[in-house]
Amino acid sequence: MAGRVSMREIAQRAGVSQKTVSRVVNGEPHVSQALRERVEREIALLGYLPDASARALVTRRSRRIGIVTSDTGYFGPASVLRGLERAARDAGYFVSVVHADDRDPQETARSVRHLVSQGMEAIAVSAPVLGVVDQLTGVPAGVPVLRIEYPEGRPEPGVIRVGSDDVSGAREATAHLLALGHRTVHHIAGPPAWSVTGRRISGWRAALRAAGAPEPPFAHGDWSAAAGCRIALELIEDPDVTALFVANDQMAIGAMYAVQRSGRRVPEDVSVVGYDDIPEAAYLSVPLTTVRQDFTAMAEQGMRRLVAAVSAEGPPAGPSDDALIPGTFVVRESTAPPARPSTRRAALPENGGRP
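Residues numbered from 1 in each chain as written. Predicted model: local features only at pLDDT ≥ 70, side-chain atom pairs only at ≥ 80, totals over all residues. Heavy atoms only, no water.

Enquirer: Would you take a moment to explain the overall build of the chain for this structure?
Expert: Counting its secondary structure elements, the chain contains 12 helices and 12 strands. When each of the 355 residues of the chain is scored for burial, the buried share is 50%. Here the contacts in the chain between residues at least 6 apart in sequence split such that 70% fall between residues at least 24 apart. A total accessible area of about 16700 Å² is found for the chain, and carbon and sulfur atoms account for 51% of it. (Helix = DSSP H or I, 4+ residues; strand = E, 2+ residues; numbered from the N terminus. Buried < 20%, exposed > 50% of the residue type's maximum accessible area, 1.4 Å probe, protein only. Contact = heavy atoms within 4.5 Å. Areas by Shrake-Rupley, 256 points an atom, 1.4 Å probe, with all protein chains shown as cover.)

So, in structure tokens, the structure goes:
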């Protein structure tokens, strides 16, 4: 019966040593292709199921990776988590996921300690809130860590960092609007506690300064369409506001709704650029110009480097394991050159479009 067959029986049926069967089961090298196929054929015929816990004791390999994540209700973190899980499974690893409370950074430390106590071979952290990754305590030496974050500052031994180039993406989005002829670009930023917020502000600001454009004040939203709508309604009370760079697509959708409610048009009166390229962005009534993040590449590259660090043949994690994934600027129909001032002012109703 499946699960009750021993390695000794497999070895007898295949005409090989028990050590050879063990090497095949554990994916070790130094077994010829012919012998490997013979053993695998008998494993399939007899329905042999290896005892994972016993194998871990012998090989010191659990084939398990722990993932710490937070805020998976948002498109970006949820996409990264799916990518990490898929890449780990494709590499032959099981995953255990814990969801840390970003309101309590100490929760991350407790989550990591829990995962380590369960025998994880490596830890991956995808927690975008500032301060959370700083709580990666309790990881023993030799257990590599993957951080899905912008790799900046001094690298740490045993830590792999793979992140999105938010600075360049925001700079390109802002430069696109300036190149269309807009005098300046207003910014609706993400929550201040999120690490990507500061980087997208930096990219927006760098593009304005490079062009010698005025740097207007920015406002923080909470990633929701409602926040984008609320902030945009306040901004477009000024008829000279003609271009908005919004830190994510959901807030950008809210901003577009606000422009339309005000009696103005996207993009004829106000151009809008988002960030992330959510699946719905291309199918809006006015398709959204945005910065596409390759969450799949981020997760796959990170997990590939983590698995290499775990394996006996892989190099130790170090500075060379950092990677920065560029975004792709996608131009759609929500951006255009600004209208002439007289036309732009005439488009506003007397009450400023406030609902």
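Moving on, there is more to tell.
Enquirer: Before we go on, may I ask you to explain the pairing of strand E3 (residues 122–126) in this structure?
Expert: Within a regular strand, the side chains alternate between the two sheet faces. Across the 5 residues of E3, 5 count as buried, placing the element largely inside the fold. Residues Ala-122, Ala-124 and Ser-126 line one face of E3 and the alternating positions Ile-123 and Val-125 line the opposite face, and both faces are buried. In this structure, strand E1 (residues 64–69) lies alongside E3, joined through 5 bridges in parallel fashion. Looking at E3, one finds that Val-68 is bridged to Val-125. With 3 bridges connecting them, E3 and strand E4 (residues 145–148) associate as parallel partners. The residue of E4 that forms the bridge with Ile-123 is Val-145. (Pairing = 2+ DSSP bridges.)

Enquirer: Mind showing me how you'd approach the pairing of strand E8 (residues 243–246) here?
Expert: Of the two faces of E8, both are covered, the one formed by Ala-243 and Phe-245 as well as the one formed by Leu-244 and Val-246. Here strand E6 (residues 186–189) runs beside E8; their pairing, made up of 3 bridges, is parallel. Bridge pairing in E8 places Ile-188 opposite Val-246. Inspection of the sheet shows E8 paired to strand E9 (residues 271–273) by 3 bridges, in the parallel sense. From the neighbouring strand, Ala-243 faces E9, where its bridge partner is Ser-271. Considered for its hand, the β-α-β crossover made up of E8, helix H10 (residues 249–261) and E9 is right-handed. (Right-handed = clockwise from strand over helix to strand, strands pointing away.)

Enquirer: It is not clear to me how the packing of helix H9 (residues 225–235) against H10 should be interpreted in this structure. Could you clarify?
Expert: A pair of packed helices can be characterised by two numbers: the angle between their axes and the separation between those axes. It is at 6 Å that the axes of H9 and H10 come closest, and there the two elements cross at 45 degrees. On the basis of their axis angle, the class for H9 and H10 is oblique. The crossing of H9 and H10 is right-handed. Contacts from Ala-225, Ala-227, Gly-228, Cys-229, Ala-232 and Leu-233 in H9 reach Gln-250, Met-251, Gly-254, Ala-255, Tyr-257 and Ala-258 in H10. Residue composition of the contact of H9 with H10, by class: 9 nonpolar, 3 polar and no charged. (Axes fitted to C-alpha atoms, helices over the stretch in contact; angles between N-to-C directions. Parallel < 35°, antiparallel > 145°, perpendicular 65-115°, else oblique. Left-handed = near helix turned anticlockwise from the far one by under 90°. Nonpolar A, V, L, I, M, F, W, Y, C, P; charged D, E, K, R; others polar.)

Enquirer: I keep staring at the packing of aromatic side chains and nothing clicks. Help me out?
Expert: Aromatic ring pairs: the centre-centre distance and the angle between the two ring planes describe each pair. Under the defined criterion, the tally for this structure stands at 5 aromatic pairs. Between the aromatic rings of Trp-194 and Trp-223, the centroid separation amounts to 5.4 Å while the plane-to-plane angle is 75 degrees, which identifies the pairing as edge-to-face. A residue pair is termed long-range when its members are at least 10 positions apart, and Trp-194 in the loop between E6 and helix H8 (195–211) and Trp-223 in the loop between strand E7 (219–220) and H9 qualify at 29 residues. Judged by centre distance (6.3 Å) and plane angle (55 degrees), the ring pair of Phe-245 and Tyr-275 falls under tilted. Here Phe-245 is found in strand E8, whereas its partner Tyr-275 is found in the loop between E9 and strand E10 (290–292), with 30 residues between them in sequence. You'll find Phe-245 and Tyr-275 in the same group, each marked buried. (Phe/Tyr/Trp six-rings, centres within 6.5 Å; stacked < 30°, edge-to-face > 60°.)

Enquirer: Before we go on, may I ask you to explain the pattern of salt bridges in this structure?
Expert: Charged atoms that come close allow side chains of opposite charge to pair. Under the counting rule described, the total for this entry stands at 11 salt bridges. For Glu-215, the salt bridge is made with Arg-205, and the minimal N-O distance between the two is 2.8 Å. On the criterion of sequence distance, the pair formed by Glu-215 in the loop between H8 and E7 and Arg-205 in helix H8 is long-range, its members being 10 residues apart. With relative accessibility at 34%, the residue Glu-215 sits in the partly exposed group. (Salt bridge = Lys/Arg side-chain N within 4 Å of Asp/Glu carboxyl O.)

Enquirer: Even after reading the chapter, I still don't get H9, so can you show me in this structure?
Expert: Because each turn of an α-helix spans 3.6 residues, side chains separated by three or four positions in sequence point in the same direction. Buried residues of H9: Ala-227, Gly-228, Cys-229, Ile-231, Ala-232, Leu-233 and Leu-235, and no others. Buried residues along H9 sit against E6, E7, E8 and H10.

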